[in-house]
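Listed below are the residues making up each chain.
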Amino acid sequence: MSGPEEAAVQELAEAGVATVYEAAGRRGLIDLDLEPLLPGTRVGGPARIALCGQDDNRAVHEAMARLRPGEVLVLTMPEPRPVALFGDLLATQAKRRGAAGVLVDASVRDAADLREMGLPVWTRWRRVRGATKNVRGSVDAPVELGGTTVAPGDVVLLDDDGAAAVPADRIQATVEAVRERIAKEDGLRERWRSGELSYDAYGLRAEDETAGRVRT
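Residues numbered from 1 in each chain as written. Predicted model: local features only at pLDDT ≥ 70, side-chain atom pairs only at ≥ 80, totals over all residues. Heavy atoms only, no water.

Got a minute to help me understand the overall build of the protein in this structure?
Broken down by element type, the protein carries 8 helices and 12 strands. Taken along the three principal axes of its C-alpha coordinates, the protein extends 65 × 40 × 30 Å. Per-residue burial over the protein gives 44% buried out of 216 residues. A sequence separation of at least 24 residues applies to 71% of the contacts in the protein between residues at least 6 apart. Total accessible area computed for the protein in this model is approximately 11100 Å², and 47% of it derives from carbon and sulfur atoms. In the protein, which carries 29 positive and 35 negative side-chain charges, the distance between the mean positions of the two groups comes to 4 Å. (Helix = DSSP H or I, 4+ residues; strand = E, 2+ residues; numbered from the N terminus. Buried < 20%, exposed > 50% of the residue type's maximum accessible area, 1.4 Å probe, protein only. Contact = heavy atoms within 4.5 Å. Areas by Shrake-Rupley, 256 points an atom, 1.4 Å probe, with all protein chains shown as cover. Lys, Arg positive; Asp, Glu negative; His and termini not counted. Charge placed at Lys NZ, Arg CZ, Asp CG, Glu CD.)

I tried to follow unusual backbone geometry on my own but got confused; where do I start?
Glycine aside, a negative phi is what most residues show, and trans is what most peptide bonds show. Residues other than glycine seldom take positive phi values, yet Asp55 does so here, at roughly 60°. A positive phi is found at Asp110, a non-glycine position, where the angle reads about 60°. Residue position: Asp110 is located in the loop between strand S6 (101-108) and helix H5 (111-117).

Got a minute to help me understand the side chain of Thr76 in this structure?
Following the sequence through the fold, Thr76 ends up in strand S4 (residues 72-76). At a separation of 2.8 Å, a polar atom in the side chain of Thr76 contacts the side chain of Asp105. Once residues lying within four places of it in the same chain are set aside, the contact partners of Thr76 are Ala50, Leu51, Cys52, Leu85, Asp105, Val143 and Leu145. (Polar contact = N/O pair within 3.5 Å; in protein donor to acceptor, adjacent residues only side chain to side chain.)

Help me understand the pairing of strand S11 (residues 155-159) in this model?
Side-chain positions along a regular strand alternate between the two faces of the sheet. Within S11, 5 of the 5 residues are buried, which leaves the element mostly enclosed by the surrounding structure. Burial along S11 is two-sided: the residues Val155, Leu157 and Asp159 and Val156 and Leu158 are all buried. Both S11 and strand S12 (residues 162-166) contribute to a ladder of 5 bridges, which runs antiparallel. Its bridge partner being in S12, Asp159 is matched across the sheet by Gly162. (Pairing = 2+ DSSP bridges.)

Would you explain the pattern of salt bridges in this entry?
Pairing is possible between side chains that carry opposite charge, provided their charged atoms lie close to one another. Counting across every chain of the model gives 17 salt bridges. Between Glu190 and Arg193 there is a salt bridge, with the nearest N and O atoms lying 2.8 Å from each other. Taken as a pair, Glu190 and Arg193 lie in helix H6 (residues 171-193) at a separation of 3 residues, close to a single helical turn. We classify Glu190 as partly exposed; its relative accessible area is 47%. In this structure Arg193 comes out as exposed when scored by relative accessible area, which is 62%. Look at the salt bridges and you will find they share partners, linking Arg48, Glu62, Arg66, Glu71, Arg136 and Asp140 into a network. (Salt bridge = Lys/Arg side-chain N within 4 Å of Asp/Glu carboxyl O.)

Please clarify how the packing of helix H3 (residues 58-66) against helix H4 (residues 88-96) should be interpreted in this entry.
Relative placement of two packed helices is described by the angle separating their axes and the distance separating the axes. H4 packs onto H3 with a crossing angle of 15° between their chain directions and a minimal axis gap of 10 Å. If you check the angle between H3 and H4, you find them roughly parallel. Judged by the twist between their axes, the crossing of H3 over H4 is left-handed. Residues Val60, His61 and Met64 of H3 lie in contact with H4, whose contacting residues are Leu90, Gln93 and Ala94. Looking at the contact of H3 with H4, its residues break down into 4 nonpolar, 2 polar and no charged. (Axes fitted to C-alpha atoms, helices over the stretch in contact; angles between N-to-C directions. Parallel < 35°, antiparallel > 145°, perpendicular 65-115°, else oblique. Left-handed = near helix turned anticlockwise from the far one by under 90°. Nonpolar A, V, L, I, M, F, W, Y, C, P; charged D, E, K, R; others polar.)

Any link to function would need more than the numbers given here.
Written as structure tokens, this is what we have:
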């Protein structure tokens, strides 16, 4: 990515998944139960995707050969199951090649070792059941994750709230929308700190009083 694109991705990552999702019109949510192995971490980067064969991680090994610094490695398979697609040996490669983070729509193992490495990993499960290496799978093919299609080069964002994706051709537009949302929220935050209530500011109290639902 160019310098301006890298800066835009960093700005999205710092804004966080929830803010980006809301600013994007509630689009792009990767609606999966994901566990961050390093809580408190926020990352973002272009997707490097491995669509593995069922219960197989050969495609992950191929993806390592294409992985570039700053990318988020996205690992999935046709039917997500608690099979370990990723462990400490693959994590060693991913860290050496400069991965920003890893999203595993399956299981990881060697969780303590992954934490010690400091590589940000989000996973659906932690389970030691090993994968085979018999099916080539596909690398850099679009995949569907939690109701969102993620294509190669789309920006994947990960933090304690989960994951979201921003299409490659919507990065700058999303950055602008995020800036507007942050400015709006900063203004609201100051109003709430001064004692104003959202119940009144949003007109909810007036609606409830009109409907006879408010008790004094």
